[in-house]
Every structure is written in structure tokens, then in C-alpha cells.
Amino acid sequence: MKVLVVGGSGFIGSALCRELKERGHDVTTLSRSPSSEDLPKGVNKVMGNVTDYGSIRGAFEGMDAVYNLVALSPLFKPNGGDQMHDRIHRKGTEHVVRAAEKHDVGHLVQMSALGADPDGPTAYIRSKGEAEEIVTESVLDYTIFRPSVVFGEGGEFISFTKLLAPPYLSALPGGGKTRFQPIWVGDLVPMLADAIESDDHVGQIYEIGGPDKLTLAEIARMIHKSDGRSTTVVPVPMGLAKVGLTIGDAIPGFPMGKDQYRSLQFDNVTSDNDVGAFGVGVGELTTLESYLNGRTGEADAAAAATTSG
Ligand SMILES: NC(=O)c1ccc[n+]([C@@H]2O[C@H](COP(=O)([O-])OP(=O)(O)OC[C@H]3O[C@@H](n4cnc5c(N)ncnc54)[C@H](OP(=O)(O)O)[C@@H]3O)[C@@H](O)[C@H]2O)c1
């Protein structure tokens with residue numbers, strides 16, 4: 001199949017391009033500055049910006065399937081407004097859908113996020129919800145993925161957790177009780193690739209999570225333990241955290257702001273983990289702990305070594 005991966009040079013996108021290439025598809029990636037260093041050999045590169053329809057429409061011609069993976073990180077702090085999330089997620093998706101419809105693309109896979117909701121609590125979640133509405137109201141065959149946090153080589157989840165909850169002493173809002181369901185990128189991308197290979201996935205919205213539901217405090221301890229360190233979690237009352245993180249909005253480089261504070265008030269876990277739709281049992285998925293202890297990291301490195309160069 002001819003496949004376009006919009007946002008294919010990022011963390012999940014580059015792993016997906018590798019998987020699609022290995023399955024024999026003709027893969028093109030589109031992003032603002034696609035670099036060969038981020039992409040497996042043989043992937044075509046197109047430069048474009050989803051906020052500018054004219055810059056992306058030509059890339060959709062002749063494509064059988066398109067993935068939309070473009071994102072602003074949920075860690076992005078929208079100083080003074082939600083416009084950036086709206087431009088990239090909602091308006092960007094509108095442009096992707098318009099181009100896909102114009103060129104009769106057979107299947108669109110939209111990367112969303114757990115909790116996506118136009119009336120949700122953060123700019124990220126609201127714009128993801130609005131983007132989903134654009135996709136489901138289109139004439140396209142679609143599949144929507146709503147993953148929890150994704151970890152693996154090149155991802156920012158582990159490094160961000162270390163920043164938020166440093167070794168030795170971690171002052172976490174609410175004691176770090178918010179739950180996440182981290183999934184390994186190496187488990188997620190085969191499901192993404194399967195989505196375009198069977199009509200069973202058309203019209204489906206999948207909530208996808210890893211094997212364990214872990215609190216932020218548990219994740220922080222696990223990450224530091226794998227580095228041979230420990231951390232003691234000191235709870236910061238949510239009200240006090242809100243004040244501190246509101247100030248954090250204005251400090252460049254500070255890891256948290258108001259939206260990140262709000263996102264810590266809601267668990268990021270599936271109500272019903274849909275990995276079974278891809279013939280995968282929850283028990284077969286890679287745990288964060290086993291990844292941290294190096295076993296899957298070695299598999300990651302081996303996979304990268306076989307496809308690069
Ligand atoms: N990582 C996670 O834990 C996680 C969890 C849940 C959902 N998701 C979703 O999964 C998707 C991929 O996430 P990721 O972690 O792989 O993100 P990422 O590493 O930040 O990659 C984003 C990609 O989008 C491209 N991009 C950004 N702005 C663009 C624009 N205006 N026009 C065209 N391309 C643009 C980037 O390349 P350039 O910078 O070169 O343009 C890059 O290829 C996103 O939709 C994200 O919301 C991720």
C-alpha cells in the first residue's frame with residue numbers, strides 16, 4: 001500500500017514508519033523538517049506544515065492510507081491561550097481530512113489521546129476531542145487510537161518524570177496518586193500498522209494502554225530504582241500545587257504549568273483496554289519495569305540496528 005505518515009518523523013512516527021516499511025508498504029512521511037537521521041532507510045520525505053493546507057495537499061495524491069500523528073506535546077505550555085493546540089490539533093486535522101477527502105484516500109488513522117473530549121479540562125484534551133469530531137464527521141474510513149502515555153527510545157515520558165520527580169525527594173501534587181497506563185512504543189506500532197491492513201478496524205475508536213495501571217509516585221520510584229537511586233515522595237496539596245504551577249506557566253523551562261496541573265487531577269487509564277482487537281493479550285505487553293531493567297531496551301536497539309544504515 002502507499003502510505004503517508006503525517007508527523008512520521010517524531011517519536012511514535014519514526015517507529016511506525018519502520019514497522020510499515022518492514023511490512024512492505026511504500027511509506028512517505030510529512031513534517032515541517034523531516035530528517036533522514038530520524039527515519040528508517042527507504043522512507044520518502046515531504047516537507048509540509050499542517051497549519052498551511054497548500055503545503056500538504058499534494059502529498060496525499062495516490063495514497064491508500066494516511067496516518068495523522070502531528071502533535072504538540074501535552075507538556076507544551078500554551079502561554080496566554082489555547083490557540084496553538086487549536087491550530088495544530090483541530091485546524092491541522094481539518095486540513096489533513098480535507099486533503100484526504102480530495103484525493104479519495106481509502107483510510108485515515110487518527111492519533112488521539114485518552115480522555116479526548118471537546119469539553120475536557122485541558123487545551124490538549126479539548127483540541128484532541130475536536131479533532132476526533134472532524135474525523136468521525138468526514139466521509140473517510142477512519143480508525144482512532146487513544147493511547148495512554150507511550151514510552152520507549154526517543155520518548156519524553158521517562159525524562160519528563162525524572163524532571164518532575166527528581167531523585168531523593170519528589171514533591172508531587174496530591175502525592176503523585178494520578179494513575180497512568182504506560183504502553184511501550186514497540187507494542188503500540190504493530191497495532192497502528194494492523195489498523196490499515198484489515199477492514200475490521202474501520203469506524204473504531206480504540207483505547208490503548210499498557211499492562212499496568214501505575215500511580216505517578218510508583219512510576220517515579222520505578223524509574224529511579226532502575227538508575228540505582230531512590231526517591232521519597234512528599235505530597236503537595238493540590239491547592240498549593242495549583243498556585244505554584246500557575247507561576248510555573250510563566251517560567252521558561254519549568255516542567256509544569258496550569259494545564260499540566262489540571263491533567264494530574266484525572267487518571268490517564270483505559271476504561272476497557274482494546275489491545276484485544278489486535279489479537280494481543282494484556283499479559284503479552286511489555287511492562288515499564290521490564291523495559292527499564294533493560295530487556296526491551298536491548299530489543300529496541302537491535303531493531304534500530306537492523307533497519308538503519
Ligand atoms: N508520546 C506519547 O506519550 C503519546 C501519548 C498519547 C498520544 N500521543 C499522540 O501520538 C502522536 C505522536 O506523538 P509523538 O510523541 O510521536 O509526538 P512527537 O515526537 O512530538 O512527533 C510529532 C511529529 O509531528 C510533526 N509536526 C509537529 N508540528 C507539525 C506541523 N505543524 N506540521 C507538520 N508536522 C508537524 C513533527 O515533526 P516536525 O517538528 O519536523 O514538524 C513530528 O514528526 C500525537 O498525536 C500525540 O498526541 C502521544
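Per chain, residue numbering runs from 1 following the sequence as it is written. With the structure being a predicted model, the display of local features is reserved for residues of pLDDT at least 70 and the display and counting of side-chain atom pairs for 80 or more, all residues being used for whole-chain, interface and lining totals. Water and hydrogen atoms were dropped before computing side-chain values, which therefore reflect all heavy atoms in the structure.

Participant: I'd like a rundown of the environment of K258, residues and numbers included.
Facilitator: Comment: elements are numbered from the N terminus, with helices defined as DSSP H or I runs of at least four residues and strands as E runs of at least two. Mapping K258 onto the fold places it in helix α9 (residues 258-263). The exposure class assigned to K258 is partly exposed, which follows from its relative accessible area of 31%. With 17 residues separating them along the chain, K258 and A241 place their C-alpha atoms 9.4 Å apart. Accessibility here uses a 1.4 Å probe with only protein chains present; expressed as a share of the type maximum, an area under 20% marks a residue as buried, one over 50% as exposed, and anything in between as partly exposed.

Participant: Can you explain the site of the ligand? Please cite residues and give values.
Facilitator: Taken together, 24 residues form the shell around the ligand, and within it S9, I12, R32, Y124 and K128 come nearest. Between an oxygen atom of the ligand and a main-chain N or O atom of G7, the distance comes to 3.3 Å. The definition of a polar contact used here is a pair of N or O atoms within 3.5 Å, where within protein one atom must be able to donate a hydrogen and the other to accept one, and adjacent residues in sequence count solely through side-chain atom pairs. Contact between the ligand and Y124: an oxygen atom at 2.8 Å from a side-chain N or O atom of the residue. About the coverage of the ligand: the protein hides 84% of its 890 Å² of free accessible area. Looking at the shell around the ligand, its residues break down into 12 nonpolar, 10 polar and two charged. Throughout, near means a residue has at least one heavy atom within 4 Å of the molecule or strand. All accessible areas in this document rest on Shrake-Rupley with a 1.4 Å probe, and a residue is counted as covered only by the protein chains that are shown. By the convention adopted, Pro, Cys, Tyr, Trp, Phe, Met, Ile, Leu, Val and Ala count as nonpolar, Lys, Arg, Asp and Glu as charged, and the other residues, Gly among them, as polar.

Participant: Lay out the confidence of the model for the protein chain in plain terms, naming residues and giving numbers.
Facilitator: Per-chain confidence: the protein chain averages 90 in pLDDT, with 88% of residues scoring 70 or above. pLDDT runs from 0 to 100 and stands for how confident the predictor is about each residue. By the convention used here, residues are in contact when the closest approach between their heavy atoms is within 4.5 Å. Per-residue pLDDT stays below 50 along residues 302-309; that stretch engages in six contacts with residues further than four places along the chain or on separate chains.

Participant: Explain the sheet that holds strand β2 (residues 26-31) residue by residue, including any values.
Facilitator: In this scheme, strands are said to pair when DSSP sees at least two bridges between them. Spatially, β3-β2-β1-β4-β5-β6-β11 is the arrangement adopted by the seven strands of the open sheet, whose pairing is parallel. Where the open sheet ends on each side, the last strands, each with one partner, are β3 (44-47) and β11 (204-208). Neighbouring strand axes in the sheet, compared pairwise and without regard to direction, differ in orientation by 20° on average. In terms of strand pairing, strand β5 (residues 107-111) meets strand β6 (residues 141-147) through five bridges, oriented parallel. Bridge pairing in β6 links L108 to Y142. The axes used here are C-alpha line fits, helices contributing only the stretch in contact, and every angle between their N-to-C directions lies in the interval 0 to 180 degrees.

Participant: Mind laying out the side chain of T178, listing which residues take part and the relevant values?
Facilitator: Looking at the element boundaries, T178 is found in the loop between β8 (168-173) and β9 (179-180). The exposure class assigned to T178 is buried, which follows from its relative accessible area of 5%. Among the polar contacts listed, one links the side chain of T178 to the backbone oxygen of L264, at a separation of 2.4 Å. Every residue in contact with T178, bar those within four places of it in the chain, is listed here: L214, T215, L216, S263, L264, F266 and D267.

Participant: Which residues make up a negative patch on the surface, and what are the values?
Facilitator: The grouping of D117, D119, E133 and E137 at the surface amounts to a negative patch. Inspection of the secondary structure assignment puts D117 in the loop between β5 and α4 (123-136). Looking at D117, the relative accessible area reads 32%, which means it is partly exposed. Each patch is built from residues lacking any salt bridge and having more than 30% relative accessible area; the joining distance is 9 Å for like charges and 5 Å for nonpolar side chains (Val, Leu, Ile, Met, Phe, Trp, Tyr). The salt bridge definition used is simple: a Lys or Arg side-chain nitrogen within 4 Å of an Asp or Glu carboxyl oxygen. A positive count includes Lys and Arg, and a negative count includes Asp and Glu. His and the chain ends are not counted in either. Note on charges: their place is set at NZ of Lys, CZ of Arg, CG of Asp or CD of Glu.

Participant: Any chance you could break down the pattern of salt bridges for me, citing the residues and the numbers?
Facilitator: In total, this model carries nine salt bridges according to the counting rule given. Note that D227 is salt-bridged to K162, the shortest N-O span being 2.9 Å. With D227 in the loop between α7 (216-226) and β13 (231-236) and K162 in helix α5 (residues 157-164), this pair connects stretches of sequence that are 65 residues apart. Owing to a relative accessible area of 38%, D227 belongs among the partly exposed residues under this scheme.

Participant: Can you explain the pairing of β2? Please cite residues and give values.
Facilitator: The two faces of a sheet get side chains in turn, since along a regular strand they alternate between them. In terms of residue burial, β2 counts as a mostly covered element, since five of its six residues are buried. Here strand β1 (residues 2-6) pairs with β2 via five bridges, running parallel. Its bridge partner being in β2, V3 is matched across the sheet by V27. On the question of chirality, the crossover connecting β1 to the parallel β2 by way of helix α1 (residues 11-22) is right-handed. Examined bridge by bridge, β2 and β3 share four bridges and lie parallel to one another. Seen with its strands pointing away from the viewer, a crossover is right-handed if its path from the first strand over the helix to the second goes clockwise.

Participant: Hey, could you go over the environment of V280 for me, with residue numbers and the actual values?
Facilitator: Of note, V280 is situated in the loop between α9 and α10 (288-292). Distance in space between the C-alpha atoms of V280 and D187 is 9.2 Å, their sequence separation being 93 residues. With residues near it in sequence (within four places) discarded, V280 still touches M191, V275 and L285.

Participant: Describe the packing of helix α3 (residues 83-102) against α4, listing the residues and the values that go with them.
Facilitator: With their axes 8 Å apart at the nearest point, α3 and α4 run at an angle of 10° to one another. Considered as vectors, α3 and α4 are oriented roughly parallel to each other. Crossing hand, α3 versus α4: right-handed. Note on element contacts: α4 touches α3 through A123, Y124, S127, K128, E130, A131, I134 and V135, opposite H85, D86, H89, R90, T93, E94 and V97. Here the contact of α3 with α4 is built from residues that sort into six nonpolar, four polar and five charged. Angle categories: roughly parallel below 35 degrees, roughly antiparallel above 145, roughly perpendicular from 65 to 115, and oblique for all the rest. Two helices crossing with the near one rotated counterclockwise from the far one by less than a right angle form a left-handed crossing, whereas a clockwise rotation gives a right-handed crossing.

Participant: Help me get a handle on the nonpolar core, residues and values and all.
Facilitator: Y67, F145 and L192 are the most contacted members of the largest nonpolar core, which totals 53 residues. For this core, the leading source of residues is helix α6 (residues 185-195), giving seven residues. Leaving out residues up to four positions away in the same chain, F145 has contacts with V109, Q110, M111, S112, A113, M191, L192, A195, Y206, I208 and F278. We call a set of buried residues a nonpolar core when its members are Ala, Val, Leu, Ile, Met, Phe, Trp, Tyr or Cys and they connect through side-chain atoms within 4.5 Å of each other. In this structure, V70, L72, A100 and L140 belong to the second largest nonpolar core, which totals 24 residues.

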